[in-house]
Amino acid sequence: MTTLLITHPSSYEHLNPPGHPERTDRLRAIESVLGESQFEALKRVQAPIAPLETVALCHPMDYIEEIRNASPKEGFVGLDADTTMSPGSFNAALHAVGAAVHAVDEVVGKRADNAFCALRPPGHHAETVRLMGFCIFDQAAIAARHAQKKHGLGRVAVVDFDVHHGNGTQEIFWSDATLMYCSTHEMPLYPGTGALSESGEHDNIVNAPLRAGDGGDKFKAAFESRILPRLADFSAELIIISAGFDAHRRDPLANLQLVEADFAWATRKLMEIADQTAQGRIVSVLEGGYDLEGLSQSVAAHVIALMRGRD
Ligand SMILES: [Zn+2]
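Asker: Describe the overall build of the protein chain, and please don't skip the residues or the numbers.
Answerer: If you tally the helices and strands in the protein chain, you get nine helices and 10 strands. Computed over its C-alpha atoms, the radius of gyration of the protein chain comes to 17 Å, within 12% of the 19 Å expected for a compact globule of 311 residues. In terms of principal-axis extent, the alpha carbons of the protein chain reach across some 50 × 40 × 40 Å. Looking at the protein chain as a whole, 61% of its 311 residues are labelled buried. Relative to all contacts within the protein chain whose residues are 6 or more apart in sequence, the contacts with residues 24 or more apart total 76%. Summed over all atoms, the accessible surface of the protein chain reaches about 11400 Å², with 48% contributed by carbon and sulfur. Side-chain charges of the protein chain comprise 27 positive and 41 negative groups, with the mean position of each set lying 4 Å from the other.

Put into structure tokens, the structure is as follows:
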């Protein structure tokens, strides 16, 4: 069993203003925990940069150029209430996309069983022509379209357990019957989307909102009653996880009460379905997670599960 760990130093060159929760220390905490001996078996590679044509699978080229042209020469430029670019941000975002599509290439090409992409900025709030919520390009959605276009896969699903709803992936997938988006998230909470009634043009969107204070039991019930059956019926040939860890009880941005073991449980459940319909193919992409201890321990539990480690 080979699990791929994809990183890139450019992720450290995407800077947000001091005090911003989406910070480079997140990756330092993750790289530190994944440096422990229990992760020796990971196959570690650096992300390639994504060509702009790949980003254009989900975002129009003139919009991509607009973002590139907005990059500051120094300091910061704010593009949204909480989304900022520094001089290294555009390059970092292209590597975050490059990691996700490289993971698809390696997993579909059977050179790895599954993969975890630990890069930033995150992506699931980025809509077709609107960046927001710390996100510039939606790498999970792009990876799904890339799997279809380059490898000829039919149906691809993105499952998102970040505590925030992935409005970007939902918007991009909304009218595409070949793509499914499933999400657990706290509601009401930023960005405000993700109601049960939002189900896409082809019933291909599956939202399972949770309430502030909900813990592992409610999270597991939402997965088992709503997400897993729909995912199994959809028969995805690849499952992409938008792996945000801000539903952890320690996280400062939200109010769910998950612990590390809950993320490991969800990972194993998704692997069971991937084993049934997708030849085990899973690509996991880091989204949120802002408490360094909660984030690093949750990533560790998630990656141990991907490596088919301890139950
Ligand atoms: Zn989040």
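Asker: Summarise the sheet that holds strand 8 (residues 205-210); cite the residues concerned and give the values.
Answerer: In space, the eight strands of this open sheet follow the order 2-1-5-10-9-6-7-8, with parallel pairing throughout. Here the strands that pair on one side only, and so sit at the sheet edges, are strand 2 (43-46) and strand 8. Strand-to-strand twist across the sheet, computed as the mean angle between neighbouring axes with direction ignored, equals 15°. As judged from the four bridges shared by strand 1 (residues 3-7) and strand 5 (residues 114-117), these two strands associate in the parallel manner. By the bridge assignment, leucine 5 is partnered in strand 5 with phenylalanine 116.

Asker: Describe the environment of proline 48, naming the residues involved and giving the relevant values.
Answerer: Considering the arrangement of structural elements, one finds proline 48 in the loop between strand 2 and helix 2 (52-55). Looking at proline 48, the relative accessible area reads 34%, which means it is partly exposed. The residues touching proline 48, leaving out its near neighbours within four places in the chain, are Leu94, His95, Gly98, Ala99 and His102.

Asker: I'd love a proper account of the nonpolar core, names of residues and values included.
Answerer: In globular proteins that are soluble, nonpolar side chains generally tend to be buried together. If you look at the biggest cluster of nonpolar residues, it comprises 52 residues, and the most contacted ones within it are Leu34, Phe116, Phe161, Phe223 and Leu231. For phenylalanine 223, the contacting residues outside a window of four places in its chain are Val159, Phe161, Thr184, Leu228, Pro229, Trp265, Ala266 and Leu270. Core analysis: the second largest hydrophobic core is formed by 48 residues, Ile67, Phe137, Ala140 and Ala144 among them.

About the thresholds
Residues numbered from 1 in each chain as written. Predicted model: local features only at pLDDT ≥ 70, side-chain atom pairs only at ≥ 80, totals over all residues. Heavy atoms only, no water. Helix = DSSP H or I, 4+ residues; strand = E, 2+ residues; numbered from the N terminus. Rg over C-alpha atoms; globule rule 2.2 N^0.38 Å. Buried < 20%, exposed > 50% of the residue type's maximum accessible area, 1.4 Å probe, protein only. Contact = heavy atoms within 4.5 Å. Areas by Shrake-Rupley, 256 points an atom, 1.4 Å probe, with all protein chains shown as cover. Lys, Arg positive; Asp, Glu negative; His and termini not counted. Charge placed at Lys NZ, Arg CZ, Asp CG, Glu CD. Pairing = 2+ DSSP bridges. Axes fitted to C-alpha atoms, helices over the stretch in contact; angles between N-to-C directions. Core = buried A, V, L, I, M, F, W, Y, C linked by side-chain atoms within 4.5 Å.

Everything listed here is a matter of geometry and, on its own, says nothing about what the molecule does.
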